[in-house]
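An overview of the molecular structure
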Amino acid sequence: MSHVPVKFAYWVPNVSGGLVVSTIEQRTHWGIDYNRKLAQLAEQAGFDYALTQIRFTAGYGAEYQHESVAFSHALLAATERLKVIAAILPGPWNPALAAKQLATIDQLTNGRVAINLVSGWFKGEFHGIGEPWLDHDERYRRSEEFIRALKGIWTQDSFSFAGDFYRFRNYTLKPKPLQQPHPEIFQGGSSRAARDMAARVSDWYFTNGNTPEGIRAQVEDLRAKAAANGHSIKVGVNAFVIARDTEAEARAVLDEIIAKANPEAVQAFGHEARNAGAASPEGEGNWAKSSFEDLVQYNDGFKTNLIGTPEQIAERIVALKAVGVDLVLAGFLHFQEEVEYFGRRVLPLVRELEARAAAQAAA
Ligand SMILES: Cc1cc2nc3c(=O)[nH]c(=O)nc-3n(C[C@H](O)[C@H](O)[C@H](O)COP(=O)(O)O)c2cc1C
């Protein structure tokens, strides 16, 4: 097991309705005041990263959405150490704009911005904003060119690139980002195309929630492919965390979230999401195998099972680390309260277990 402490990120609730498609009470707000305070609490609690979401259009209870890059900058301006991952969607963004915009943010925030290059899963959204909807694997081909262009612009002068989607000729960006060699590049996915791209160009691979066995299979494939490419890649896994003083309390919260799920909204989301998942030619994409209960959380976060007491959750996090996970991306019901609780009750236990494992390995 790696001696590097596992890292923690939280989902920024910059989209209304939180992270579960349920009418359960959520003491969370998508606005900036709530989110600034949350980012400060998360930084104090020991979180390393915050991940903002990109969404252009309402649907499934996600009525309002603040734009990801602008929102990320606002959170960076309100914090000191936290890194904020801004989501970038090829189509609406092109690499020239993204490279320039993020280099400036990196300069303004002492090198704390990162990006999540999302490839798109929501056909209705693309139609809504007049963007062509590419086939699943074509979306990844475009994303890979996007990342190659971004890295080229960020690291080279007089950069030239002749792709099928993007072209650059003797282009020099100044100033370059502060972070060297460049801000970290995250991407999400579960499909073969997502793993193949990650194993060639990304720094981090985010995957939907899953069991340790399910994650192990993805990680082994990913790391084998990356090694063959002479590339190294880190892995983050999504989890919807419900940490309570007793397991019964935590389970009751999960039961209530599911009992109060909004069936029409879950079905509608599931329809789009399953289409997107099944759209990968091999049928392994995100959501290809998700049940109704799984779909109540947008990224299969119940499957990771970080639901229980602080002790149970800490042990499961270390078990995830043992199958190759480098980062846990956490969603919560009541973000401010639960981020604080997580920092106070769960994180110290994870560090204890990590120290114990390191001591055992040394002995
Ligand atoms: C942690 C994580 C965060 C994501 N964030 C966004 C997002 O903010 N906006 C978006 O449109 N898609 C987002 N996605 C979707 C992915 O970019 C990708 O389109 C989706 O996972 C389908 O991939 P697959 O078919 O390769 O499995 C996210 C995925 C993951 C795993």
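Above this note sits the structure.
Rules of the game
- Residues numbered from 1 in each chain as written.
- Predicted model: local features only at pLDDT ≥ 70, side-chain atom pairs only at ≥ 80, totals over all residues.
- Heavy atoms only, no water.
- 1 Å grid on protein atoms, 1.4 Å probe; cavity = no way out; pocket = protein on both sides within 12 Å on 5 of 7 lines; lining within 4 Å.
- Points joined across faces, edges and corners; volume = space filled by probe spheres on them.
- Helix = DSSP H or I, 4+ residues; strand = E, 2+ residues; numbered from the N terminus.
- Nonpolar A, V, L, I, M, F, W, Y, C, P; charged D, E, K, R; others polar.
- Near = heavy atom within 4 Å.
- Polar contact = N/O pair within 3.5 Å; in protein donor to acceptor, adjacent residues only side chain to side chain.
- Areas by Shrake-Rupley, 256 points an atom, 1.4 Å probe, with all protein chains shown as cover.
- Sits in = over half its atoms within 2 Å of the grid points.
- Pairing = 2+ DSSP bridges.

Our next topic: the layout of surface pockets. Size it by volume and the largest pocket reaches roughly 260 Å³. A total of 3 residues in the lining of the largest pocket trace back to one element, the largest contributor, which is helix α7 (residues 212–228). Here the lining of the largest pocket is built from residues that sort into 3 nonpolar, 9 polar and 6 charged. For the second largest pocket, the calculated volume is near 170 Å³. As for the second largest pocket, its lining consists of 14 residues, of which Val4, Lys7, Trp204, Lys234 and Asp326 are closest to the centre.

It is worth spelling out the site of the ligand at this point. In the region of the ligand, 21 residues are neighbours, and His136, Tyr140, Ser190, Ser191 and Asn286 sit closest. In this structure, an oxygen atom belonging to the ligand sits 2.7 Å away from a side-chain N or O atom of His136. One nitrogen or oxygen atom from the side chain of Ser191 is found 2.5 Å from an oxygen atom belonging to the ligand. Considering the ligand on its own, with 630 Å² of exposed area, one finds that the protein chains cover 96% of that surface. In a pocket analysis with a 2 Å cut-off to the grid points, the ligand is assigned to the largest cavity.

It is worth spelling out the pairing of strand β6 (residues 167–171) at this point. In this structure, strand β5 (residues 159–162) lies alongside β6, joined through 3 bridges in antiparallel fashion. Across the sheet, the residue bridging to Phe161 is Phe168, located in β6. If you look at the hairpin formed by β5 and β6, you'll find 4 residues sitting between the two strands.

What is shown is where atoms sit, not what they do.
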